[in-house]
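# Observations on chain architecture
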Amino acid sequence: MGGAANMTRLVVVGAGIEGCIAALRAKEIAPEASVQVISTAPERYEYETGTIDVLGYTAEKEGPVGLPLFEIRKLPEDHPCRLTGRHTVRQALGFFGDLLDEDETLPYVGSDSRNALVATPDGGVRPTSRYPAGMRGGLLSSRRDMRIVGFEQMTYLDAELVGDRLDAITPYDVTSTTVEFPLDPTASPPLREFAVALDENRETPDGTPVREALAETVRPVLDIEPRVGFPAMLGLTEHEEVRADLESLLQAEVFELSVGEPSLPGIRLRNRLFELLEDGGIERIDGSVVDFETDSGTIQTIAVEKTSREGGGTSREDGRTSPEEVTSDGSRTRIEGEAFILAAGGLAAGGLTARRGEITESVFDCHVSHPENPLEWSHPDPLGEHQFARFGVETTADFQPCGPDGEVLYDNLYAAGTVLGGYDFAREHSRGGVCLVTGYETGKDAVQSGE
Amino acid sequence: MGYTPHVLVIGGGVLGTGIARDLVIRGLDVTLVERGALTAGTTGQSYGILSSVAQFEPLGVDTKLVMRERTTLQEIADHCIENTGGLLVRHSDDSAEQFEQLQSRLDAAEVEYEHLDGEHAQDIEPALSSSVAEALRVPDVVVDPLRLTVANARSAHSYGARIRTHTEVTEIAVEDGTVGSVTVEHDPSPAGPRNRRHSDSGRQSSDSVRSDGGTPGRSSSGGPGRGSGQSNKSVPGAGKPQFRQPEQPSVEEIDADYIINATGPWAREVAALAGFEVDVTLVAETVLTAYGNPLETVVRRWMPDKEHLTASTTAVSRGETVLLGSTRREISTPEEASAFPDEVERIRNVVTPLVPAVEETRILRADCGVRSYPDVETEDGCLLVDHGEVDACWGMTTVIGGSLTTHRHVAERVADDVCAKFGIRRECQTDEIPTHDSEVPHQDSDRQSQSGDEYPVVCECQSVSRGAVRGALADEPSTDADLDEVRIRTSAGMGHCQGGRCAHRLAAELYPDYDAATTNDALDAFVEGRWEGQRPALGGEHLRQAMQTYVVSAVTMNRTTPDVSLVPSKTDEVREAVDDEERTTSKNTVGLAGFDDGQQQRGRDSPPWGERPI
C-alpha cells in the first residue's frame, strides 16, 4: 500500500461494526502495527439488526431503493458514502464479505448490487444488502410461500399479525401459526434462554432433545410451505447447526425474523467480529475513555477506565439470563497511540452526550453543532424528521473531525460510523454502509498517516 | 316513585367519575361522557398526593375536611394508595419565621405532625440533603390518580352507569329557559377525539377520520400506516378471523334530565355550548417524571406565595419514577398549557437542593397539566354554578375546582344538590362503599415461570403481562382499541423507555380482534401520546433513549416510510392496470424483479428449499 512508512500504534475507540472494521482494515494494511480497540458498550449490539443496510431510501424516491450502490449518487454531496464514492463502498462490502462470506459459524450472504427485502417485526418491509444466511429464507423478494411460527411464551413477534400483513402485500401466500415452545422458561423474557437451550439441544421434560421437540411441534402445522420463519432466537453460538437440524427435521428452509431488541443476530455478529479481532492479533480492551492528552495538535494518550463484564446471557450454567454486570475498580490505564479513530457511535450509543441543553462528543469533545433550543431538536411527530438524528461530529472529506471553520481539530484523529453528523442514517437505512465504508477508509488512512 | 332522573356527567377525570359513582349509587340513571380516555385531562397530570395539609390545597379549604377525605379515600380505595408519609421541609436558606407560621397554622387546625430537626428528617428520608434545616412530618399519602379514576369508573359501571369515552359534547340545546338535549360525537377510532389540551389537533384527527369514512387500511392519524390485514387472496383452508371493526364515528343526542359539567379547565368551553359564562382561573403546572427514584416519601418545600395559588417544590415517589415539580403560571385557555425545556432545568434546580440525588435521575417527561379554580374562596375549594339560579336556565350545573384529595366530598355535594332538585332523599354512601377494585382481572393467558414471574411479558419496564393487557382491553368501561386505556390500568409504557420497546407489542395484542389497520392506528395514537410529554425533556439524558427508540422505529421496524405492496414486476403491474381501466397502480407498489431474491449471491450457491431437485 504505497511507499509511505506506516505508523505503528493505532487506537480505535469503540467496538461497534465501524470500529471493528477499521481495526481489521488497519491490520490488513499494516500487519506489523499495534492495533487496540476500546470496547465500551458491547451490549449495544443487542440493537443491531445483524444486517448491513447500504442504502434503502433516498430523498427522491418513496419506495425502497433496488440498487443501493447506483443510488449513492443521489445522496447529498457531503454524505460519507458520496465522499468515498460507490467504488469504495463496494470495496468495503467486499472486505466485509471476505471476512464473513465463507464463515462457518456466521456466513453472510446477499448481493452487492441489489437490495433484498426482509420483514420487520410488525409485518412491514425493509430493504437491506448483506444479511446472515439464516435470514436468506425469509427474503420477501423471493417469491415462495412461507409460514411464520411464533411462540406463546413470548410477545416479541405476533406471528398472526406479521403473517397476515405480509400475506396482504406479497404475491404469494404467507401463513402463520403460534405454538408453544417446548420448554417452560425460568425467567422472563425467555428469548435468550430458549436460544441457549437450542444451542445445547437441552432435553425437554419428557426427554426429547429440544430441537427435535420443536420440530415435532411445528411439523403438524406445516403445509407445503418451502420455508418456515421463527423469531430470531434459533441459538446463539450454534445458530447454523440449530438451523441445519431444524431444516432437515422439517424438510423446509428455516429462517429467522428480526424481533427488535434484544437482537440475537446482532449479538452473533458481535461475537464473530470480536473473534476476528482476536484472530487478527488486535487487542480489545473493555473500558471507557475518561481522559486524553494532547501535544501540539495531536492526541498522545487516552486514559481508559477498565471494566469487567459478567453475565449478560453468556452464563449457561442454569440457562438463566442474568443481567450483565459491569464493574470497574476505577483503575485507569494510559494508552499511547500515534493515530486514533473515534468510533464511539452516536447519541443512542453514548458517543454523544446530551446534558442540560448541550450536545457534546463524549470522548474527545469534538465540535458538534446543534440548535440552541432543545425544542428544535425533535419533530412534533414521533416518527418525523428529527434534528437529533443528524447530530454528530463534523469532519473533513477525509473523516477528520473539524471545527465549525473546517479546521482539523487533531492531526491524528479520524471519525467513523454513526458518530458522524449531518445525516439521518436511520431514515436512509444506510447505517451499515456508512459504518463499513468509513471504518474501511479511516482504518487505512489512520495507519498510513505516519511519515 | 317510578321515575328515575337521568343525569349526564361531562368529564372523565377523578371528579366526573366520582360524581357519576355517587349519583348511580343513589339510584339515579347516569351517563358519563369523556372526550378522550379516562384521566386524559387534569387528572392524568396530577402528582397524586392526598394532602394532609390544607395549605397545599387551594386557599380557604378547611383542614379538617382535607384530613377526613384523605382518611376516607384510604378506606374506600386502599388498593390505589401508598402510605408514604410526607415531609414539609425548610431549607437552610428559607425563612425560619415563615416556617413557624406554617407550624402555628397546623397547630390551629389541629393537624397531627411531628417536628424534626434536619438530622432526624434525614433518618426518615435518607435522600434529603443535609441543608434541610428542619421538617414537619405529616401523614400525606400518595395515590395513583389513574387507578383511582378507573376505580371510580368501574364502581359506577358496576352500579349501572354508562361510561362513554371518546365521546365529545358538541352542542347543548337550550329551549324556553331549560337545558335540552345534548349532542355528542362518538369516535371510537384509536386516534379519536383525544382529550388533549391542544383541542385543535384533537378535532383535526376526528375530522380526518370522518372525511375518509374511517376507511380501514389507511392510518387516520396521518402517520405511516401498515397495510390492511384483509387479504384479497383466497386463503387455503379459509377461516380468516372476523375482525371487530370499531364502530363508525356517530353523532347522537342524549336527553338527560340534568347535566353536570365536570370538565375542569374546559368548564368554560362546555358551559359556553349552552350559552353560559363561567369564570375559571386556570393555572398551567409543569411536572417532571424522572427515572431512578431516590425517595420514599413526599418531600415538599414550603414556599408561601402571595398569590392564592400555592407554590411548592415537590418530589413524589411513584414506583420506579419520581415526580418533580413544579412551575406554575396563570393562563387564559387550556390550549396555552405547554411544557418547555427551560422549565425542566428550573424545576431540577429547585428540587436538587432538597434531594441531591435528583441530579442523577433521568428526566423522562415534562407534562403540563391545567389546574382550575373558582375565582372566589369556598370552604372546599369548589364552586357549584347552578345555571338555573345564575342564568335562569334550568338543567345544568358547572363544577369548578375541587382536587384529588377533596373530589369525593365535592361529588357528594353535587349529588346532594342534584337529588334535592329531584326531591330524592337518599344519603351519600360513597364514603362507605369501597370503590370497585381498579385491578382489572387478568385474562387467563398468563403463565407462571419456575421463578414465579408472570409471563409472557409485554412491557418489561413495568412488568406488565399479556394477561394484564388483555384484561385491560376487555374492561367494560374502556373504549375499544385505545391503548391509553391499557396504560391507565396497567402502567404499561410509563417506564424508562416510555413505550419505546413495548408499544408495538402492546398494539399487537389488539390483533386479530381488530384488523391490522386499526392495530396500527392504535399504535400511532399511543406513540404520539407518549411522545408529547417527552419532547420538552429531550435536552438531557433521555435524548439517548429517544434516539434509540427512533432508530428501532426507523430501521428495524421501518415505520418512517410509506407502506408498500409487493408485486412480481412493476412493469407488468402497470401494463395490466392500463389494460384494465378500473385499476390503478399505487406509487407504493414495488416490483420484486428488481430485488435480490437470494439466488444471485456471492456465498452459498445451492438452490433454495422448494426448488431443489429431489
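Just above, that's the structure.
Read on for a plain summary of the structure.

About the thresholds
- Residues numbered from 1 in each chain as written.
- Chains lettered and ligands numbered in written order.
- Predicted model: local features only at pLDDT ≥ 70, side-chain atom pairs only at ≥ 80, totals over all residues.
- Heavy atoms only, no water.
- Axes fitted to C-alpha atoms, helices over the stretch in contact; angles between N-to-C directions.
- Helix = DSSP H or I, 4+ residues; strand = E, 2+ residues; numbered from the N terminus.
- Parallel < 35°, antiparallel > 145°, perpendicular 65-115°, else oblique.
- Contact = heavy atoms within 4.5 Å.
- Nonpolar A, V, L, I, M, F, W, Y, C, P; charged D, E, K, R; others polar.
- Buried < 20%, exposed > 50% of the residue type's maximum accessible area, 1.4 Å probe, protein only.
- Pairing = 2+ DSSP bridges.
- Phe/Tyr/Trp six-rings, centres within 6.5 Å; stacked < 30°, edge-to-face > 60°.
- Buried area = accessible area lost by both parts, 1.4 Å probe.
- Salt bridge = Lys/Arg side-chain N within 4 Å of Asp/Glu carboxyl O.
- Polar contact = N/O pair within 3.5 Å; in protein donor to acceptor, adjacent residues only side chain to side chain.

## Side note on the packing of helix H2 (residues 63–76) of chain B against helix H10 (residues 407–421) of chain B
Residues and elements named next belong to chain B.
- It is the contact of H2 with H10, at a shortest axis distance of 8 Å, that shows an interaxial angle of 95°. With respect to their mutual orientation, H2 and H10 come out roughly perpendicular. On the side of H2, the interface is formed by Leu65, Arg68, Glu69, Thr72, Leu73 and Ile76, while H10 contributes His407, Arg408 and His409.
- Looking at the contact of H2 with H10, its residues break down into 3 nonpolar, 3 polar and 3 charged.

## A short note on the environment of Ala290(B)
All names here are of chain B.
- In this structure, Ala290 sits in strand S14 (residues 280–291).
- Taking the C-alpha atoms as reference points, Ala290 and Arg348, 58 residues apart in sequence, are found 10.0 Å from one another.
- Discounting residues that sit within four places of it in the chain, Ala290 has contacts with Glu320, Thr321, Val322, Leu324, Thr361, Arg362, Ile363 and Leu364.

## A few points about the pairing of S14(B)
Residues and elements named next belong to chain B.
- Extensive coverage of S14 is indicated by the burial of 11 of its 12 residues.
- Pairing between S14 and strand S18 (residues 362–374): 12 bridges, direction antiparallel. Bridge pairing links Thr286 to Cys368 in S18.
- Direction of pairing for S14 relative to strand S17 (residues 321–331): antiparallel, over a ladder of 10 bridges. Along S17, the bridge assignment pairs Leu282 with Ile331.

## A short note on the packing of aromatic side chains
Residue and element names in this part refer to chain A.
- A complete count under the given rule lists 15 aromatic pairs over all chains for this structure.
- Seen in terms of ring centroids, Phe340 and Phe364 are 6.1 Å apart; in terms of plane orientation they differ by 70°. Their pairing is edge-to-face. Remark: Phe364 occurs in the loop between strand S18 (358–361) and strand S19 (413–415) and Phe340 occurs in strand S16 (residues 339–342); sequence separation between them is 24 residues. As far as burial versus exposure is concerned, Phe340 and Phe364 are alike and both buried.
- Members of the aromatic cluster, connected to one another through ring pairs, are Phe151, Phe181, Phe194 and Phe230.

## Notes on the interface of chain A and chain B
- Listed by partner, the interface residues are 103 residues for chain A and 90 residues for chain B.
- Area buried by chain A at its contact with chain B is led by Thr155(A), Arg356(A) and Leu383(A), which between them contribute 9% of it.
- In this structure, the connection of chain A to chain B is made through 7 salt bridges.
- Here Glu359(B) makes a salt bridge to Arg356(A), at a shortest N to O gap of 3.2 Å.
- Between the two partners, chain A and chain B, sit 33 residue pairs in polar contact (both at pLDDT 80 or more).
- Where the side of chain A that touches chain B is concerned, the elements lending two or more residues are helix H4 (86–100), strand S4 (116–119), strand S5 (125–128), helix H5 (159–169), helix H8 (239–250), strand S17 (352–355), S18 and helix H10 (425–428) of chain A.
- Among the elements that make up the side of chain A that touches chain B, the one with the highest residue count is H5(A) (7 residues).
- Of the residues assigned to the side of chain A that touches chain B, the class counts are 41 nonpolar, 27 polar and 35 charged.

## As for the sheet that holds strand S12 (residues 250–254) of chain B
Residue and element names in this part refer to chain B.
- Sheet architecture is open: 3 strands sit in the order S10-S11-S12, paired in antiparallel fashion. Single-partner strands in this sheet number two, and they are strand S10 (167–175) and S12. Pairwise comparison of adjacent strand axes, ignoring direction, gives a mean angle of 20° for this sheet.

## Details of the pattern of salt bridges
- Counted according to the given criterion, the structure contains 62 salt bridges over all chains.
- The salt bridge involving Glu46(A) is made with Arg192(A); its shortest N-O contact spans 2.2 Å. In this pair, Glu46(A) is assigned in the loop between strand S2 (34–39) and helix H2 (68–71) and Arg192(A) in helix H6 (residues 191–200), connecting sequence segments 146 residues apart. Each member of the pair, Glu46(A) as well as Arg192(A), carries the same accessibility label: buried.
- The partner of Asp94(B) in a salt bridge is Arg301(B), and the shortest N-O contact between them spans 3.1 Å. You can see Asp94(B) sitting in the loop between strand S5 (86–91) and helix H3 (96–108) and its partner Arg301(B) sitting in strand S15 (residues 298–303), a full 207 residues away along the chain. In this pair, the class of Asp94(B) matches that of Arg301(B), namely buried.
- Residues joined by salt bridges that share partners form a network here, namely Arg355(A), Arg356(A), Glu345(B), Arg348(B), Glu359(B) and Glu541(B).

Shape is all these values report; function is a separate question.
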